[in-house]
Amino acid sequence: MRKPLNRNMDTDVQLEKRRQERIISHPSPGPRNSLQYWTRFVHPLRVICNFAIIYANRFNPSVNLKNALYRLTGMKVGKHCSFGLCAMVDIFYPQLITIGEDCIFGYDSLILAHGYLQRELRVGPVVIGNRVTIGTKCTILPGVVIGDGAVVSAMSLVNKDVPPHTLVGGVPIRVLGVVPEGERR
Ligand SMILES: CC(C)(COP(=O)(O)OP(=O)(O)OC[C@H]1O[C@@H](n2cnc3c(N)ncnc32)[C@H](O)[C@@H]1OP(=O)(O)O)[C@@H](O)C(=O)NCCC(=O)NCCS
């Protein structure tokens, strides 16, 4: 059951600002778009290994084996996390992703810790708390922090922090309600 919204809750602007403060911008080293120079940002062998593990994991039906394989890339994954089929995580900077225990990532969800743009590469850590539920086909952008017990509804764009025990959804997300502590969805 949903409770009324807490009027003291951080505003969208504050939550978005916090995320921006965690992002580091690297200028494109040449005249072309920054992705043209990706091998200058991360060693290609590392990206190839990450891609092989992370892409193969999309089709891995064993949630626990999946977690163990993700950890090989440097990603920090807590106990009992469950990634649905076709979930995808950042292949360039998986080591910047930290996930607590007992989380669910829905089918075809995506966690990004980088964004190549025309004139810059933006990189930011993603931190997800314990018992968080990410619905199917959500995209989580670099620099985002999601608090314990939060729920992100299906098909959402997470472009700002999500306070603990909060239900958010939409493109981009907005607060839809509160998930009472102790209640799990
Ligand atoms: C988050 C979720 C669990 C909420 O389900 P629920 O508790 O039944 O709640 P509802 O669907 O009634 O949604 C609650 C309210 O939020 C609104 N809402 C839900 N998702 C929304 C979205 N993405 N954008 C805007 N509003 C949304 C609903 O319209 C509803 O509004 P109302 O109370 O004014 O009618 C469900 O919407 C969802 O996204 N489930 C995804 C599960 C999933 O993907 N799991 C992983 C499987 S692999």
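Residues numbered from 1 in each chain as written. Predicted model: local features only at pLDDT ≥ 70, side-chain atom pairs only at ≥ 80, totals over all residues.

Comments concerning the overall build of the protein
Along the protein, the regular secondary structure elements total 4 helices and 17 strands. Taken over C-alpha atoms, the radius of gyration comes to 17 Å for the protein, in line with the 16 Å a tight globule of 185 residues would show. The C-alpha extent of the protein, read off along each of the three principal axes, is 50 × 40 × 20 Å. The buried share of the protein, taken over its 185 residues, is 36%. Sequence-distant contacts in the protein: of pairs separated by 6 or more residues, those separated by 24 or more amount to 41%. (Helix = DSSP H or I, 4+ residues; strand = E, 2+ residues; numbered from the N terminus. Rg over C-alpha atoms; globule rule 2.2 N^0.38 Å. Buried ≥ 20, exposed ≤ 12 C-beta atoms within 10 Å, placed from the backbone. Contact = placed C-beta atoms within 7 Å.)

Concerning the site of the ligand
By nearness alone, 14 residues border the ligand, and Gly106, Gly135, Thr136, Ser153 and Gly169 come closest of all. In terms of residue class, the shell around the ligand is made up of 5 nonpolar, 8 polar and 1 charged. (Near = placed C-beta within 6 Å. Nonpolar A, V, L, I, M, F, W, Y, C, P; charged D, E, K, R; others polar.)

Description of the nonpolar core
Among the nonpolar cores identified, the biggest contains 41 residues, and Ile97, Val126, Ile140, Val152 and Val158 are the most heavily contacted of them. Broken down by secondary-structure element, the contributors of at least two residues to this core are α3 (44-57), β5 (97-99), β6 (104-105), β9 (120-123), β10 (126-128), β13 (145-146), β14 (151-152) and β16 (166-169). Each residue touching Val158, except ones within four places of it in the same chain, is listed here: Cys138, Thr139, Ile140, Leu141, Val144, Val152 and Ile173. (Core = buried A, V, L, I, M, F, W, Y, C linked by C-beta atoms within 7 Å.)

A closer look at the sheet that holds strand β12 (residues 139-140)
Reading across the sheet, the 4 strands line up as β4-β7-β12-β15 and stay open at both edges, with parallel pairing between neighbours. Each end of this open sheet is capped by a strand with a single partner; those strands are β4 (88-89) and β15 (157-158). Pairing analysis gives 2 bridges linking β4 to strand β7 (residues 110-111), with the strands arranged parallel. When the sheet's bridge partners are listed, Met88 is paired in β7 with Leu110. (Pairing = 2+ DSSP bridges.)

So, unusual backbone geometry
Working note: non-glycine residues mostly have negative phi, and peptide bonds are mostly trans. Residue Val171 is joined to Pro172 through a cis peptide bond whose omega torsion reads -10°. By the element assignment, Pro172 lies in the loop between β16 and β17 (174-178). Even without a glycine there, the phi angle at Asp102 is positive, about 65°. Here Asp102 is to be found in the loop between β5 and β6. Overall, the presence of 17 C-beta atoms within 10 Å leaves Asp102 in the partly exposed class.

Let's talk about the sheet that holds strand β8 (residues 114-116)
The strand order across the open sheet formed by 3 strands is β1-β9-β8, and the pairing between neighbours is antiparallel. Each edge of the sheet is formed by a strand with only one pairing partner; in this case those strands are β1 (24-27) and β8. Mean inter-strand twist for the sheet, computed between neighbouring axes without regard to direction, equals 15°. (Axes fitted to C-alpha atoms, helices over the stretch in contact; angles between N-to-C directions.)

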